[in-house]
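Coordinate inspection notes
The chain contents come next:
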Amino acid sequence: MLLDTAALYFRAFFGVPDSVRAPDGTPVNAVRGLLDFITRLVGDHRPTHLVACWDDDWRPAWRVDLVPTYKSHRVAEIVPGGPDVEEAPDALETQVPIIREVLAALGIAVVGAPECEADDVIGTLVARARMPVDVVTGDRDLFQLVDDARGVRVLYTARGMSRLELVDEAWVEKKYGIPGRLYADFAVLRGDPSDGLPGLPGVGDKTAASLVKGYGDLDAIIAAAADDSGPMAPGVRLKIREAAGYLEAARKVVVVAPDAAMPDFPDPVLPSEPVDPAAWADLRERWGLGSSAERVVTALAQSAS
């Protein structure tokens with residue numbers, strides 16, 4: 001099981017009241033919410049391995065160089081040499097180091113990669129996997145990883161952790177009318193305002209899906225647009241030709257890396273108990289993690305039994 005960790009702790013922060021605080025008054029709603037999410041995921045799905053995938057760089061320069069608008073609306077501060085500072089509530093920012101400490105004390109692997117987003121870590125671990133994989137995320141871009149033959153699916157959090165959608169190839173086909181393996185090509189055409197990706201002008205889900213279904217991947221669509229004798233509508237053909245440079249760049253932005261240069265890390269077997277009991281006890285008391293801490297430890301023990 002691969003966690004899109006930032007997506008989950010953002011969801012926890014906005015879903016759990018900020019009145020949930022440590023004894024010293026520090027907000028810990030994201031910390032406790034994330035622990036509760038892990039409790040539910042471990043209890044419901046019983047993974048043998050668990051990785052908290054991390055954004056070492058949430059807006060990599062190589063993606064910004066390709067599409068300058070990429071996540072630009074979410075930048076709080078540009079840092080020369082990066083990574084830029086993402087716009088986020090101060091009450092959440094103070095909890096991120098606590099989350100890392102808590103995960104480390106539990107023994108849940110936290111894995112990032114230089115100049116890469118968590119999506120790229122997830123894509124690389126999926127490429128390396130020799131077992132079925134569940135990816136837990138609210139990011140539609142990761143639908144591109146779904147692969148029934150390899151047992152790769154997405155547990156999609158958009159409707160809430162109690163109403164996870166199990167995304168496989170049939171789900172993508174039913175939702176968008178396209179093969180799951182072509183989701184990235186579809187996403188490039190449609191664009192994604194939440195990531196600052198404009199997409200092909202005037203092309204939404206319906207037209208993007210018809211192009212993918214009718215012609216195949218982006219290379220085939222671009223080739224069809226270059227053929228004046230083909231059946232493609234002239235207006236759409238012109239849009240594709242005019243946007244050819246953008247489409248090539250956006251494809252490199254949207255496709256997650258299958259080969260991120262990640263550091264070595266131990267086999268991320270799901271722990272049956274905290275690997276550092278002293279640190280865990282200290283964190284639990286200092287941050288007032290209460291029943292959230294108790295539940296996650298119980299879930300880990302039960303999953304291992």
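Structure: see above.
Because the structure is a prediction, the values reported are computed rather than measured. (Residues numbered from 1 in each chain as written. Predicted model: local features only at pLDDT ≥ 70, side-chain atom pairs only at ≥ 80, totals over all residues. Heavy atoms only, no water.)

What follows is about the environment of Val 96. The topology assignment puts Val 96 in helix H5 (residues 96–106). Exposure remark for Val 96: the relative accessible area of 15% places this residue in the buried category. The sequence separation of Val 96 and Val 31 amounts to 65 residues, and the corresponding C-alpha distance is 8.0 Å. When residues no more than four places from it in sequence are discounted, the contact partners of Val 96 are Tyr 9 and Trp 54. (Helix = DSSP H or I, 4+ residues; strand = E, 2+ residues; numbered from the N terminus. Buried < 20%, exposed > 50% of the residue type's maximum accessible area, 1.4 Å probe, protein only. Contact = heavy atoms within 4.5 Å.)

This paragraph deals with helix H9 (residues 205–215). Because an α-helix completes one turn every 3.6 residues, residues spaced three or four positions apart along the sequence face the same direction. Within H9 the residues assigned to the buried category are Ala 208, Ala 209, Leu 211 and Val 212. The arc that holds the buried residues of H9, viewed along the axis, is 160°, so those residues lie on one side. Relative to its buried face, H9 has exposed residues pointing more than 90 degrees away, namely Lys 206, Lys 213 and Gly 214. Count one or two residues on from H9 and you reach Gly 216, which has phi positive near 110°. (Arc of directions from axis to C-beta.)

It is worth spelling out the packing of aromatic side chains at this point. Throughout the structure, instances matching the rule amount to eleven aromatic pairs. Where Tyr 9 meets Trp 54, the ring centres are 6.0 Å apart and the plane angle is 50°; that geometry is what we call tilted. In this pair, Tyr 9 sits in helix H1 (residues 5–15) while Trp 54 sits in the loop between strand S2 (51–53) and helix H3 (61–66), placing the two residues 45 residues apart along the sequence. For Trp 54, a relative accessible area of 8% translates into the label buried. Arranged with centres 5.1 Å apart and planes meeting at 50°, the rings of Tyr 176 and Phe 186 form a pair that is tilted. Of this pair, Tyr 176 sits in helix H7 (residues 169–176) while Phe 186 sits in helix H8 (residues 183–190), and the two are ten residues apart along the sequence. This pair shows no difference in class: Tyr 176 is buried, exactly as Phe 186 is. Of the aromatic side chains, those joined through ring pairs into one cluster are Phe 143, Tyr 156, Trp 171, Tyr 176, Tyr 183 and Phe 186. In this structure, Arg 100 packs its charged tip against the face of Trp 54, placed 4.7 Å from the ring centre. (Phe/Tyr/Trp six-rings, centres within 6.5 Å; stacked < 30°, edge-to-face > 60°. Lys NZ or Arg CZ within 6 Å of the ring centre and 35° of its normal.)

Here six strands make up an open sheet; going across it, the order is S5-S2-S1-S6-S7-S8 and the pairing mixed. Of all strands in the sheet, those bounded by a partner on one side alone are strand S5 (109–111) and strand S8 (165–167). Sheet twist, expressed as the average angle between the axes of neighbouring strands with direction ignored, equals 25°. One ladder, built from three bridges, connects strand S7 (residues 152–156) with S8; its direction is antiparallel. Note that in S8 the partner of Val 154 across the bridge is Val 167. Packing against the sheet, H1 makes contact with strand S1 (2–4), S2 and strand S6 (133–137), and its axis sits at approximately 55° to S1. (Pairing = 2+ DSSP bridges. Axes fitted to C-alpha atoms, helices over the stretch in contact; angles between N-to-C directions.)

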